[in-house]
Amino acid sequence: MRAVVYDSYGPPDVLRIEEVERPVPKEDEVLVQVHATAVTRADCATREANRRSGLAIQLISRLISGPRRPKQRILGTEFAGEVAAVGAAVKQFVVGDHVFGTTGFRFGAHAEFVCVRENARIAPKPAGISFEEAAAICDGGLNALWCLRLAHLGKGQRILIYGASGAIGTAGVQLAKYFEADVTAVCSTKNLELVRKLGAGKVIDYTKEDFTKNGQTYDVIFDAVGKHSFARCKGSLEPGGSYLATDGIRNLVLALWTSRVGGKKVLFSIPPRYTKEDVMLLKALIEARKYRAVIDRAYPFGDVVEATRYVETEQKTGNVVLTIIGSAPER
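Numbering of residues begins from 1 in every chain and follows the order in which that chain's sequence is written. Thresholds applied to this predicted model are a pLDDT of at least 70 for local features of residues and 80 or more for the giving and counting of side-chain atom pairs; totals over whole chains, interfaces and linings are not thresholded and use all residues. Calculated side-chain values reflect all of the structure's heavy atoms, with hydrogen atoms and water omitted.

J.: Can you walk me through the packing of helix 4 (residues 138-150) against helix 9 (residues 276-287) in this structure?
T.: Each pair of packed helices gets described by two things: the angle between the helix axes and the distance between those axes. Fitting a line to C-alpha atoms yields each axis, with helices limited to the stretch in contact; the angle taken between N-to-C directions then spans 0 to 180 degrees. Here a strand is any run of E in DSSP of at least two residues, a helix any run of H or I of at least four, and the numbering for each starts at the N terminus. Put simply, helix 4 and helix 9 touch, their axes get as near as 10 Å, and they point 110° apart. It follows that helix 4 is roughly perpendicular to helix 9 by the angle criterion. Between helix 4, through Cys138, Gly141, Leu142, Leu145 and Arg149, and helix 9, the contact on the second element is made entirely by Asp278, Val279, Leu281 and Leu282. Each residue gets one of three labels, nonpolar for Ala, Val, Leu, Ile, Met, Phe, Trp, Tyr, Cys and Pro, charged for Asp, Glu, Lys and Arg, and polar for the others, Gly among them. Taken together, the residues of the contact of helix 4 with helix 9 sort by class into 6 nonpolar, 1 polar and 2 charged. An angle counts as roughly parallel when it lies under 35 degrees, as roughly antiparallel when it exceeds 145, as roughly perpendicular when it falls between 65 and 115, and as oblique in every other case. Working rule for contacts: check all heavy atoms of both residues, and any pair within 4.5 Å makes them a contact.

Now the structure itself:
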């Protein structure tokens, strides 16, 4: 089978498509023929060993992924495709089922086939959407869901989502609306109308207004792109309010500290604990037309380097996906 592989940490150019051995499902696994996958922030950070982060994060990244070279040569966490084979103990799926899900830090989805445990984060593909749309569901959806649950977001609470047009941000706006919160979205000029349509009651163009200086306060501030800070946002939080972080060792330390000291909290937990039930919830919301995955661009499988470069511009709206089936003859 074809797969995107890399043997050393570095820029997008270290990625290449290579013929590798097709995985064989274990007794409790399904083999998925991947039709579409996504290129995510996690893929990019892992590939470069988090070189844009602090030294502590870089060291942790290499301890997990491999000190000198990657132990897992195939990146990709998000997948949508068709069940090609099942292990002897599998009961939930049969050959031919259309499925979607995420492999998490096991990666392996940037390939024509991937094995997934049947009890892991895999579910039937939502009716009425494409494989590309299905491949874009879990990255932003599960990350946003996990964060909003940390904050116990509920009806009538005021939440501001910074970076509301990215993969996590577009998911966060919709899920906060689902939780019946009062949503204010912060993004660039070009995406204001999009986030309104996704459910934001109010929008702020960060190129024209600094939300930390307008006098408004919120129960929750969700930094969906990891570009703000608790220090800057603290004055915009209500007493007892929460700052939701998506990355950074500093935020992990602050989460531990503020849980014991002061009224305003940093909420950050790694690794997040996504479940199969969470994937099923996203499926149900899509089928009820209360959630959709936003796709910026779809690239053929062979253009993975170009797709990765685009993700690293940090200018994408929603998700970037790779189409595998149809981009080249099947093997």
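J.: How do you make sense of the environment of Glu78 when you look at a structure like this?
T.: With respect to the helices and strands, Glu78 occurs in strand 4 (residues 78-86). Look past the residues within four positions of Glu78 in its chain and what remains in contact with it is Ala36, Thr37, Ala38, Thr40, Gly101, Thr102, Ala109, Ala135, Cys138 and Asp139. Polar contact is defined as a pair of N or O atoms within 3.5 Å, subject to the rule that within protein one atom must be able to donate a hydrogen and the other to accept it, and that residues adjacent in sequence are counted only when both atoms are side-chain atoms. Among the polar contacts listed, one links the side chain of Glu78 to the backbone nitrogen of Asp139, at a separation of 3.2 Å.

J.: How do you make sense of unusual backbone geometry when you look at a structure like this?
T.: Negative phi characterises most residues that are not glycine, and trans characterises most peptide bonds. Positive phi is not limited to glycine here, since Glu180 has a value of about 65°. Backbone geometry places Glu314, a non-glycine residue, at a positive phi of 60°. Among the structural elements, Glu314 can be located in the loop between helix 10 (304-312) and strand 15 (319-323). Classification of Glu314 by relative accessible area gives partly exposed; the value is 48%. Only protein chains enter the accessibility calculation, which uses a 1.4 Å probe; a residue is then buried when its area is under 20% of its type maximum, exposed when over 50%, and partly exposed in between.

J.: What should I look at first to understand the confidence of the model for the protein chain in this one?
T.: Do not read the predicted coordinates in detail wherever pLDDT is low. Predictor confidence is given residue by residue as pLDDT, running from a minimum of 0 to a maximum of 100. Confidence along the protein chain averages 92 in pLDDT terms, with 94% of residues attaining 70 or more. Throughout residues 327-331 the model reports pLDDT below 50, and contacts reaching past four residues in sequence, or to other chains, amount to 10 contacts.

J.: It is not clear to me how the sheet that holds strand 12 (residues 237-244) should be interpreted in this structure. Could you clarify?
T.: As a general point, the strands of a sheet are linked pairwise by backbone hydrogen bonds and lie either parallel or antiparallel. Overall, parallel pairing links the 6 strands, which are arranged 10-9-8-11-12-13 in an open sheet. Each end of this open sheet is capped by a strand with a single partner; those strands are strand 10 (202-205) and strand 13 (265-267). Adjacent strand axes in the sheet meet at a mean angle of 20° when their direction is disregarded. Here strand 9 (residues 182-187) runs beside strand 10; their pairing, made up of 4 bridges, is parallel. Here the rule is simple: two strands pair whenever DSSP picks up at least two bridges between them.

J.: I tried to follow the packing of helix 4 against helix 5 (residues 167-178) on my own but got confused; where do I start?
T.: Running from amino to carboxyl end, helix 4 crosses helix 5 at an angle of 55°, the nearest separation of the two axes being 8 Å. It follows that helix 4 is oblique to helix 5 by the angle criterion. Judged by the twist between their axes, the crossing of helix 4 over helix 5 is right-handed. For the pair helix 4 and helix 5, contact is made by Asp139, Gly140, Gly141, Asn143, Ala144, Leu145 and Leu148 and by Ala167, Ile168, Ala171, Gly172, Leu175 and Ala176, respectively. The residue inventory of the contact of helix 4 with helix 5, partitioned by class, reads 8 nonpolar, 4 polar and 1 charged. If you view the pair so one helix is near and one far, a crossing is left-handed when the near helix is turned anticlockwise from the far one by less than a right angle, and right-handed when it is turned clockwise.

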